[in-house]
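Residue-level listing of the chains:
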Amino acid sequence: MSTELLNEKTVIDYIAGRSDLNAVVNVGKTTVREVGDGNLNLLFLVQDGSNGLAIKQTLPYVRSDHSWKVTEDSIFAEARGLEAASEYAKAYAPRYFGLDADRRLIVEEDLSDWQVWRPNLNGRRVNRLAARDTGRFIAEMAYHTSYFGKDEQEVQRAAADSINPELEQITEDLIFTEPYFDHVHNSWDSRVDDQVLALRDDEIRTQAAKLKYEFLTNGEALLHGDLHTNSIFVRNQGAEEDPLPDEAAHVKIFDYEFGFYGPVAFDIGILWGNFLLAQAREFALSSSDSSLAVEEGNHDGDFHAWLLSLYEESWQGFEQEFRRLASHRVNRIFTDGFVDHWLSRTLRYSAGFAASEAIRRTIGWAKVSDIESLDGKAKSDASRFALSAARRLLEGFEGLDEVADVRRLVEGTAARLEKGRQGNVR
Ligand code: SR1
Ligand code: MG
């Protein structure tokens, strides 16, 4: 039986009944808004003018398709992720007020003075050091929940406690299978038919299968599991003469319900896939015949260059932090050479997972506003860019040597498609 869902009125009664929460917000003065735009949850923001709380409750169905039933137990993954992030990557996590297992909800800090990253990217706003700090977040979680930072039995117990099979199944289907077949969840602009149909090919499926198998079998660390740019809050940068200090946290990571023990590269790859989607939008908007104007006050060239730098910035944030942490490793057989090997392998799979994410967000279920908010030719240009770069990453991820290769591949895609704007170049 499903849990009783809260609404904007009953959420106040709920807080009134919990002394730990009504000590934070004054229930006599609160306003409540349901602001969830994820697929699987309600999200209530409760504010009293000075303080706020966010209450996230799982839905028993997909918000946009109530006939698609989903377990409400993903709230336990959410709670595990929030708990781990609060312990290991505190600067980058919302303050966590705990799980109510019976009501299938968690309570966390209200971060409405931060901004969700994707709309900022869509609006061509630069968020300095957000990529670095997301990389650092991934490194903290990777080190502290894996065999690098814990002993073997601890990791194996934590992995067993973190299974999340129903939500993993969603990822397995939506990311790693459906886009490569004819499936009712798929849709796309008919101008990229050629690219979509070209994905239904055994060599491409073999590459997708390698990534799916890695996702299924490499349970090395507790992942976020859905680290796209709508799962990341970024911070107002302040005036140019008064920027956030470099050492302040520039991101807060939320929405942990897809978490499980999987490959660290999956979190990096989902992030990179979304950078690629932002680049696809940028490519479409930079077209001379685009009717969509660049937002006033933004330097197009600066934004473009910054966007291209995000793969390196996030990887360097990740690698530097991981190497710093991994200088103290629990497993003494893990030599420096092994750390180098692990990082190289993680880099390659990150590029592969980036391709999987970009493809599914372009043609599969659960699309993104980077492309969906475009119309006509701009939308098909963005789709073509995303599919073209992703295909090259999918074909070549195993041969990448360094993170700059990812940027070069994206730049090469832009140059190639620019030449063939009028043609049908893949
Ligand atoms: C049914 S949930 C669909 C998608 O939304 C989330 O963002 C995940 O990426 C999932 O695949
Ligand atoms: Mg989510």
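Residues numbered from 1 in each chain as written. Chains lettered and ligands numbered in written order. Predicted model: local features only at pLDDT ≥ 70, side-chain atom pairs only at ≥ 80, totals over all residues. Heavy atoms only, no water.

(A) Here's a closer look at the overall build of the chain. Broken down by element type, the chain carries 16 helices and 12 strands. Projected onto the principal axes, the alpha-carbon positions of the chain cover approximately 65 × 55 × 50 Å. Per-residue burial for the chain yields a buried fraction of 58% across its 426 residues. (Helix = DSSP H or I, 4+ residues; strand = E, 2+ residues; numbered from the N terminus. Buried < 20%, exposed > 50% of the residue type's maximum accessible area, 1.4 Å probe, protein only.)

(B) Inspection of the side chain of Arg 18 at higher detail. Turning to its location among the elements, Arg 18 is positioned in the loop between helix 1 (10–16) and helix 2 (19–22). Among the residues examined, Arg 18 registers a relative accessible area of 17% and is labelled buried. A distance of 2.7 Å separates a polar atom in the side chain of Arg 18 from a polar atom in the side chain of Asp 20. In contact with Arg 18, other than residues within four places in its own chain, are Phe 97, Asp 100, Leu 105 and Val 107. (Polar contact = N/O pair within 3.5 Å; in protein donor to acceptor, adjacent residues only side chain to side chain. Contact = heavy atoms within 4.5 Å.)

(C) Spotlight on the packing of helix 10 (residues 264–285) against helix 15 (residues 376–396). Viewed as axis vectors pointing N to C, helix 10 and helix 15 meet at an angle of 135°, and their least axial separation amounts to 8 Å. With respect to helix 15, the element helix 10 is oriented oblique. The chirality of how helix 10 crosses helix 15 is right-handed. Contact with helix 10, carried on its side by Leu 276, Leu 277, Gln 279, Ala 280, Arg 281, Phe 283 and Ala 284, involves Ala 378, Asp 381, Ala 382, Phe 385, Ala 386, Ala 389, Ala 390 and Leu 393 of helix 15 and no other residues of that element. Considered class by class, the residues forming the contact of helix 10 with helix 15 number 12 nonpolar, 1 polar and 2 charged. (Axes fitted to C-alpha atoms, helices over the stretch in contact; angles between N-to-C directions. Parallel < 35°, antiparallel > 145°, perpendicular 65-115°, else oblique. Left-handed = near helix turned anticlockwise from the far one by under 90°. Nonpolar A, V, L, I, M, F, W, Y, C, P; charged D, E, K, R; others polar.)

(D) Expanded view of the sheet that holds strand 11 (residues 251–253). Spatial ordering of the open sheet is given by 8-10-11, a layout of 3 strands whose pairing is antiparallel. The open sheet is flanked by strand 8 (115–116) and strand 11, the only strands paired with a single partner. Relative to strand 10 (residues 232–234), strand 8 runs antiparallel, the two being bridged by 2 bridges. Looking across to strand 10, one finds that Val 116 is bridged to Phe 233. Contacting strand 10 and strand 11, helix 5 (residues 130–145) crosses the sheet at an angle of about 40° to strand 11. (Pairing = 2+ DSSP bridges.)

(E) The arrangement of the sheet that holds strand 2 (residues 41–47) in detail. Overall, antiparallel pairing links the 5 strands, which are arranged 1-2-3-7-6 in an open sheet. Where the open sheet ends on each side, the last strands, each with one partner, are strand 1 (31–34) and strand 6 (96–100). Pairwise comparison of adjacent strand axes, ignoring direction, gives a mean angle of 20° for this sheet. Alignment of strand 2 against strand 3 (residues 52–58), held across 7 bridges, turns out to be antiparallel. Bridging from a neighbouring strand, Leu 43 pairs with Lys 56 of strand 3.

(F) Seen up close, the nonpolar core. Counting residues in each nonpolar core, the largest one holds 104 residues, and the members touching the most others are Trp 117, Phe 137, Trp 272, Leu 276, Phe 318, Phe 322 and Leu 393. Looking at which element gives the most residues to this core, the answer is helix 10, with 15 residues. Apart from the residues lying within four places of it in its own chain, the contact partners of Leu 393 are Leu 276, Ala 351, Ala 354, Ala 355, Leu 400, Val 406 and Leu 409. Core analysis: the second largest hydrophobic core is formed by 17 residues, Tyr 14, Leu 42, Val 46 and Leu 53 among them. (Core = buried A, V, L, I, M, F, W, Y, C linked by side-chain atoms within 4.5 Å.)

(G) Broad picture of unusual backbone geometry. For Arg 104, which is not a glycine, the phi torsion comes out positive at approximately 50°. Despite not being glycine, Asp 255 shows a phi value in the positive range, around 65°.

(H) View of the site of ligand 1. Near ligand 1, the surroundings consist of Asn 39, Val 62, Ile 170, Leu 174, Asp 226, His 228, Phe 258, Arg 360, Arg 361, Trp 365 and Ala 366. Residue Asn 39 places a side-chain N or O atom 2.9 Å away from an oxygen atom belonging to ligand 1. Between ligand 1 and His 228, the relevant distance is 3.4 Å, taken from an oxygen atom to a side-chain nitrogen or oxygen of the residue. Across the complex, the protein chains shield 94% of the 320 Å² of accessible surface that ligand 1 would expose by itself. Secondary structure elements with two or more residues in the shell around ligand 1: helix 7 (165–174) and helix 13 (336–363). Within the shell around ligand 1, the residues separate by chemical class into 6 nonpolar, 2 polar and 3 charged. (Near = heavy atom within 4 Å. Areas by Shrake-Rupley, 256 points an atom, 1.4 Å probe, with all protein chains shown as cover.)

(I) How the structure looks around the pattern of salt bridges. The full count for this structure, using the stated rule, is 34 salt bridges. Shared partners join several salt bridges into a network, and the residues in it are Lys 56, Glu 78, Asp 255 and Glu 257. (Salt bridge = Lys/Arg side-chain N within 4 Å of Asp/Glu carboxyl O.)

(J) Geometry of the pairing of strand 3. For strand 3, the tally of buried residues reaches 7 of 7 residues, placing the bulk of the element in the interior. Across the two faces of strand 3 the burial is the same, with Gly 52, Ala 54, Lys 56 and Thr 58 and Leu 53, Ile 55 and Gln 57 all buried. Taking the residues that link successive antiparallel strands as the turn, the strand 2-strand 3 hairpin has 4 residues, and the phi of Gly 49 there is positive, at about 100°. In this structure, strand 3 lies alongside strand 7 (residues 105–109), joined through 5 bridges in antiparallel fashion. Within strand 7, the position partnered with Lys 56 by the bridge is Ile 106.

By themselves, these observations are geometric and do not establish any function.
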